[in-house]
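These are the residues of each chain, in order.
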Amino acid sequence: MQPRNYGKIVVAALVAIAVARTGARAQSSTAQAETLFRQGKELIAQGKFAEACAAFDASQKLDPTLATLLNQASCREKNGQLATAWGLFLDAERQSRTAGDESTRQLHQVATSHAAKLEPRLSTLALHVAPENRVPGLEILRNNEPVDPGAWNKPLPVDGGTYQITARAPGNADWSATVAVSGEHDVKAIEIPKLKAVALPPAHAPGGASHPRSQVLPLALGGAALGLVGGALGFELWARSTYDQSRREPDNAKQDSLWHSANTKRYVAEGLGVAGIACAGVAVWLYLRAGEPEVTAPTQQASRWGITPILGSNHAGFVLTGRY
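Heads up: these notes are all about the structure in this document.

Rules behind the numbers
Once a new chain begins, its residue numbering starts again from 1 and follows that chain's sequence as written. Where totals are concerned, whole chains, interfaces and linings use all residues; where local detail is concerned, this predicted model gives features only for residues with pLDDT of at least 70, and gives and counts side-chain atom pairs only at 80 or more. Computation of side-chain values covers all heavy atoms of the structure but excludes hydrogens and water. For Phe, Tyr and Trp, where Trp contributes only its six-membered ring, two rings pair if their centres lie within 6.5 Å, and the inter-plane angle classes them as stacked under 30 degrees, edge-to-face over 60, or tilted in between. The helix count covers DSSP runs of H or I at least four residues long, the strand count covers runs of E at least two residues long, and both are numbered beginning at the N terminus. Using a 1.4 Å probe on the protein chains alone, a residue whose accessible area is under 20% of its type maximum counts as buried, one over 50% counts as exposed, and one in between counts as partly exposed. By definition, two strands form a pair when at least two bridges between them are found by DSSP. Here, axes are lines fitted to C-alpha atoms. For helices the fit covers the stretch in contact, and angles between N-to-C directions go from 0 to 180 degrees. Just so you know how the angles are binned, under 35 degrees is roughly parallel, over 145 roughly antiparallel, 65 to 115 roughly perpendicular, and the rest oblique. The sense of a crossing depends on the near helix, which, turned anticlockwise from the far helix by less than a right angle, makes the crossing left-handed and, turned clockwise, makes it right-handed. Contacts are residue-level and defined by heavy atoms, with any inter-residue pair within 4.5 Å sufficient. Just so you know the grouping, Ala, Val, Leu, Ile, Met, Phe, Trp, Tyr, Cys and Pro go in nonpolar, Asp, Glu, Lys and Arg go in charged, and all remaining residues, Gly too, go in polar. Within this analysis, patches are made of residues with over 30% relative accessible area and no salt bridge. Like charges are joined at 9 Å or less; nonpolar side chains (Val, Leu, Ile, Met, Phe, Trp, Tyr) at 5 Å or less. Note on areas: Shrake-Rupley, 1.4 Å probe, and residue coverage restricted to the protein chains presented here. Every case where a carboxyl oxygen of Asp or Glu lies within 4 Å of a side-chain nitrogen of Lys or Arg is listed as a salt bridge. Any pair of cysteine sulfurs within 2.5 Å is marked as a disulfide. In this description, a nonpolar core means a group of buried Ala, Val, Leu, Ile, Met, Phe, Trp, Tyr and Cys residues linked to one another through side-chain atoms lying within 4.5 Å.

Time to look at the packing of aromatic side chains. Tallying each qualifying case throughout the model produces two aromatic pairs. With a centroid separation of 5.6 Å and an interplanar angle of 65°, the aromatic rings of F37 and F56 are classed as edge-to-face. You can see F37 sitting in helix α1 (residues 6-45) and its partner F56 sitting in helix α2 (residues 49-62), a full 19 residues away along the chain. The same class applies to F37 and to F56, which are both buried.

Here you go:
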């Protein structure tokens, strides 16, 4: 066998494995769909229509067939969902319209006949929106589902039940109403009124007064950050100088004293550096927010900031505290 044929063999093997796996998944879905279909038929016989419809829906999702679709429609009809059943029968009628075999043509006749018998029994619900009531951004929902504007002002088939109609639009108060529709031969309409405009609260000021933020504090903190960083640099240089002096000192006692002194200065330098960086970060944050309004409740206290030094045997630093 020539080496150049190895690649073709590998590709063919991979394709065969993929086809086998796809076939296995398809067989599994078909088996599950068939089981659900049989369960749906059993539940229909027991009068458990809602559960049966759910079984048929799951079966159709796994393995769509015309027979299952017709059982879905018949189940919805038995469950009193005439509009849903009518739509499913119409779907089956469309799918079987160009049928070539006799069995499918018979299913087409069943779908056509049932759809024709159901149509006169349907209940309708119309959502009337007058042109002068169409505020910008108007949205109408039926049981939390948006209704396309193209469906407004038209009587549309709906299943029997209670529907909550909600109208909403930006800058306006929501409006809602509830309407009960009978299962058959009911005609209902809802008039959507013009929504009432509402005054929007000032931005960034829910529940309090709005004031421009001062830039004094960010600038003061920025100056403090520069001072702290400068102090940190000074202590660091001082610590290095003391370390150098300790190495040159011949007396052991003085050398230890200088070494500890240099360590303390370095801790102070580190603390000042950290405090300086913190001040700089807060200053930048406050400066960026300076253009935003500040919310002040009637009982809110004035802002207070402070820098508290911390000194210990092995560390030194500063803590920035306050509120803004």
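The rest of the description comes next.
Time to look at the sheet that holds strand β6 (residues 175-181). Reading across the sheet, the four strands line up as β3-β2-β5-β6 and stay open at both edges, with antiparallel pairing between neighbours. Edge positions in the open sheet fall to β3 (145-146) and β6, since each of these has one partner strand only.

Attention shifts here to the packing of α2 against helix α3 (residues 66-78). Between two packed helices, what matters for the description is the angle formed by their axes and the separation of those axes. One way to put it is that α2 packs onto α3 with a least axis distance of 9 Å and a crossing angle of 160°. In terms of orientation, α2 and α3 fall into the roughly antiparallel class. Considering how the two elements wind past one another, α2 and α3 form a crossing that is left-handed. Two secondary-structure elements touch here, α2 through F49, A52, C53, F56, D57, S59 and Q60 and α3 through T68, L69, N71, Q72, C75, R76 and K78. In terms of residue class, the contact of α2 with α3 is built from six nonpolar, five polar and three charged.

Taken together, the side chains of L219, V284, Y287 and L288 present a nonpolar region at the surface, about 450 Å² in accessible area. Along the chain, the position of L288 falls in helix α7 (residues 252-288).

According to the stated counting rule, one finds one disulfide in the structure shown. Note that C53 is cross-linked by a disulfide to C75, the S-S spacing being 2.2 Å. What sets the handedness of the C53 and C75 disulfide is the S-S torsion sign, and at about -110° it is left-handed. With C53 in helix α2 and C75 in helix α3, this pair connects stretches of sequence that are 22 residues apart.

Before going further, it helps to examine the sheet that holds strand β7 (residues 187-192). Strand order across the open sheet formed by three strands is β4-β1-β7, with mixed pairing between neighbours. One side of each edge strand has no neighbouring strand; the edge strands of this open sheet are β4 (156-158) and β7. Strand-to-strand, the axes of this sheet are offset by a mean angle of 35°, without reference to chain direction. Here six bridges tie strand β1 (residues 123-129) to β7, and the two strands are oriented parallel to one another. What sits directly across from V129, in β7, is I192.

What follows concerns the nonpolar core. Membership of the largest hydrophobic core comes to 19 residues, with the highest contact counts inside it found for L125, L138, I140 and I165. The set of elements that each furnish at least two residues to this core consists of β1, β5 (161-168), β6 and β7. The contact partners of L125, leaving out residues within four places of it in the chain, are R142, K154, P155, L156, V158, Y163, I165, V179, K188, A189 and I190. In terms of nonpolar packing, the next biggest core, distinct from the first, is built from 14 residues, W86, L88, A111 and L118 among them.

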